[in-house]
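Survey of secondary and tertiary structure
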Amino acid sequence: MAGLVLVAGPAIAVAAPEAATLPDPLRAGWKGQHVCELLKDNAQMRVLRCTFPPGWGHERHFHAPHWGYILQGSTMRITTAKGTVVRELKAGDSWWSDGIDWHEGVNIGTTTGVYLIVEPK
């Protein structure tokens, strides 16, 4: 009788099929224009500054793991696979994300939002 051998190997993270076709935050824009600019890119990290005037947004895109910091606050309507929320984002707030398959957002407030995104490599 032949035996069955199972070999364990390293876990491989597989992105959702949709994420493979979506732009990252640097390539994603709004109405054909970029909203994020590349500030730093080296072997350790990539840093983006993203600016959202009132009524401006960020088309559907994915995120690698990253740390974010709000330079100038705004009110964003953010849509993900789980639904839509409105968030008051305040200057000085920060967050960590393990990555996002997709989201999109629109500044529905009256102030321009400016955020830093730091992606470790």
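Residues numbered from 1 in each chain as written. Predicted model: local features only at pLDDT ≥ 70, side-chain atom pairs only at ≥ 80, totals over all residues. Heavy atoms only, no water.

1. Quick look at the overall build of the chain
Along its length, the chain carries one helix and 11 strands. Traced from its N-terminal end to its C-terminal end, the chain shows the element sequence α-β-β-β-β-β-β-β-β-β-β-β. Once local pairs closer than 6 in sequence are excluded, the contacts in the chain between residues at least 24 apart make up 70%. Working note: accessible area of the chain is about 7700 Å², and carbon and sulfur atoms make up 59% of it. (Helix = DSSP H or I, 4+ residues; strand = E, 2+ residues; numbered from the N terminus. Contact = heavy atoms within 4.5 Å. Areas by Shrake-Rupley, 256 points an atom, 1.4 Å probe, with all protein chains shown as cover.)

2. Considerations on the pattern of salt bridges
One pass over the structure, following the stated rule, counts five salt bridges. Its salt-bridge partner being Asp 24, residue Arg 46 comes within 3.0 Å of it at the nearest N-O pair. Here Arg 46 is found in strand S4 (residues 45-52), whereas its partner Asp 24 is found in the loop between helix H1 (17-21) and strand S1 (29-30), with 22 residues between them in sequence. Classification of Asp 24 by relative accessible area gives buried; the value is 12%. Glu 104 serves as the salt-bridge partner of Arg 60, at 3.4 Å between the closest nitrogen and oxygen. Within this pair, whereas Arg 60 is found in strand S5 (residues 57-63), its partner Glu 104 is found in strand S10 (residues 100-107), the two being separated by 44 residues in sequence. Arg 60 sits in the partly exposed class, given a relative accessible area of 29%. Residue Glu 104 is classed as partly exposed on the basis of its relative accessible area of 27%. Where salt bridges share partners, they join Asp 24, Arg 46 and Glu 119 into one cluster. (Salt bridge = Lys/Arg side-chain N within 4 Å of Asp/Glu carboxyl O. Buried < 20%, exposed > 50% of the residue type's maximum accessible area, 1.4 Å probe, protein only.)

3. Observations concerning the state of the cysteines
In the structure shown here, the tally under the stated rule is one disulfide. Note that Cys 36 is cross-linked by a disulfide to Cys 50, the S-S spacing being 2.0 Å. An S-S torsion of about 105° defines the bridge between Cys 36 and Cys 50 as right-handed. Note that Cys 36 is positioned in strand S3 (residues 36-41) and Cys 50 in strand S4, a separation of 14 residues in sequence. Overall, the relative accessible area of 3% leaves Cys 50 in the buried class. (Disulfide = S-S within 2.5 Å.)

4. Observations regarding unusual backbone geometry
You will see that Lys 31, though not glycine, has its phi angle at about 55°, which is positive. Among the secondary structure elements, Lys 31 is positioned in the loop between S1 and strand S2 (33-34).

5. Remarks on the sheet that holds strand S11 (residues 113-120)
Sheet architecture is open: five strands sit in the order S3-S4-S11-S6-S9, paired in antiparallel fashion. Across the chains shown, the open sheet's two edge strands, defined by having one partner strand only, are S3 and strand S9 (94-97). Taking the axes of each pair of neighbouring strands and ignoring which way they run, one obtains an average angle of 20° across the sheet. Here eight bridges tie S4 to S11, and the two strands are oriented antiparallel to one another. Within S11, the residue paired with Arg 46 across the bridge is Glu 119. (Pairing = 2+ DSSP bridges. Axes fitted to C-alpha atoms, helices over the stretch in contact; angles between N-to-C directions.)

6. As for the environment of Gly 105
Looking at the element boundaries, Gly 105 is found in strand S10. Residue classification places Gly 105 among the buried positions, given a relative accessible area of 8%. Measuring from C-alpha to C-alpha, the distance between Gly 105 and His 58 comes to 5.3 Å, with 47 residues separating the pair along the chain. Look past the residues within four positions of Gly 105 in its chain and what remains in contact with it is Trp 30, Gly 57, His 58, Met 76, Arg 77 and Ile 78.

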